[in-house]
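Structural description and commentary
What follows is the residue order along each chain.
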Amino acid sequence: MGPYGKGFTLAFFLLLICHGGYADDLVGGAFPLIRRLDSRDEAFRQFIADVESNRRRVFNLNRNRSEDVQAVAGFLTVYQYVPREEDDLFSLAARCNIPYSTLVSLNRLSHPSMVVTGRPLLLPSVPGIFVAEKPQSDLEHLLALGHSSQSDSESVKLTIGGVFHFFPGRELGHTERAFFLNRGFVFPLRNYRLTSGFGMRRNPISGTMRFHEGLDLAAPLGSEVYAVRDGIVTEVGNDPVLGNYIVIKHSEGWASLYGHLQRAGVALQSSVKSGTLIGWVGSTGQSTGPHLHFELRQNGKARDPDKYLFLPGGR
């Protein structure tokens, strides 16, 4: 660990219990503070030395198992840094020579915008993924689901602002990165039965063949319907075919539509977060029974929702 000696090794680290999901109250506390991300800062020099040594250990762990998980995790040291106005997540990760996945999972970030000037971040010296034992965000649910089949020998359990299972050398997968970058969508229902998919089908009302631009999801009358991503409610109305419906505009040209609702639970132009309750399943408009008609569109073009949706806890 070097002469600086203020980073915590795992033996002490496992005894440390902090409160809250972020590092808000840690400045001046248990973790050594890096004041500048350059060689003039003694703590930063020591942190980089730790990272360089641990990257070699992780390489050996991943390539030929000449290192084991417990041994690599035992070299973990943790520092803290307070981001400045010019800092963002990706530049911080690059300057610290660690994957942004590592910063994201330990600091419980669900989007790059959560790196805020003046709000401290924890900087771990071993690259890897910290999987929360009690997931809170959609990303954490996805991480927990993706690592649920991993054996205990592949991770180390530790406590810091909550209980984590640390997987040295791991990074976010493709789907996890998409969610973090706000390109994925949570499922609009928690319990459902798919009754009609995306594509050509025979319309159950008219009997004619038509292209179905969404998914029909049967669910009990009054089931809660959730926003699939952060956005702004741009339409709340009633249509002869869709019945009571909601449209939410998202980033990157995306929009989501929720039809046949019993009633809406959000107002026009209101801002919603991913997973916000927005309405209840109904059978309004042209409908043969209680269900949700759900569409995803990008720049006005219908996309197959099944390729983009994720249900926390599995589908």
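Scroll up to find the structure.
As a starting point, this report considers the structure included with it.

This part covers the packing of aromatic side chains. The full count for this structure, using the stated rule, is 11 aromatic pairs. Between F90 and Y100 the ring centres are 5.1 Å apart and the planes differ by 80 degrees, which places this aromatic pair in the edge-to-face class. Residue F90 is found in helix 4 (residues 89–96), and its partner Y100 is found in helix 5 (residues 100–106); the two are separated by 10 residues along the sequence. Residue class for F90 comes out partly exposed when judged on its relative accessible area of 38%. Overall, Y100 belongs to the buried group, its relative accessible area being 18%.

Moving on, we come to the pairing of strand 15 (residues 254–264). Alignment of strand 14 (residues 243–249) against strand 15, held across 5 bridges, turns out to be antiparallel. Bridge pairing in strand 15 links I248 to S256. Counted between consecutive antiparallel strands, the loop separating strand 14 from strand 15 contains 4 residues, among which E252 sits at a positive phi close to 60 degrees. The pairing of strand 15 with strand 17 (residues 277–281) spans 3 bridges and is classified as antiparallel. Its bridge partner being in strand 17, A264 is matched across the sheet by G279.

With that out of the way, let us pick up helix 4. Considered for burial, the residues of helix 4 that qualify are L89, L92, A93 and C96. Along the long axis of helix 4, the arc covered by the buried residues comes to 100 degrees, so they all point the same way. Buried residues in helix 4 make contact with helix 2 (42–64), strand 2 (78–81), helix 5, strand 3 (121–124) and helix 7 (174–180). N97 occupies a position one or two residues after helix 4 and carries a positive phi of about 60 degrees.

Read from one edge of the open sheet, 3 strands run 1-2-3, paired in mixed fashion. Here the strands that pair on one side only, and so sit at the sheet edges, are strand 1 (33–34) and strand 3. Sheet topology note: the strand 2/strand 3 ladder contains 4 bridges and is antiparallel. When the bridges of strand 3 are listed, Q80 appears paired with L122.

Residues V156 and L158 of strand 5 (residues 156–159) are buried on one face, while the alternating residues K157 and T159, pointing to the opposite face, are not. Here 4 bridges tie strand 5 to strand 6 (residues 163–168), and the two strands are oriented antiparallel to one another. Pairing of T159 across the sheet is with V163, part of strand 6.

About the criteria used
Residues numbered from 1 in each chain as written. Predicted model: local features only at pLDDT ≥ 70, side-chain atom pairs only at ≥ 80, totals over all residues. Heavy atoms only, no water. Phe/Tyr/Trp six-rings, centres within 6.5 Å; stacked < 30°, edge-to-face > 60°. Helix = DSSP H or I, 4+ residues; strand = E, 2+ residues; numbered from the N terminus. Buried < 20%, exposed > 50% of the residue type's maximum accessible area, 1.4 Å probe, protein only. Pairing = 2+ DSSP bridges. Arc of directions from axis to C-beta. Contact = heavy atoms within 4.5 Å.

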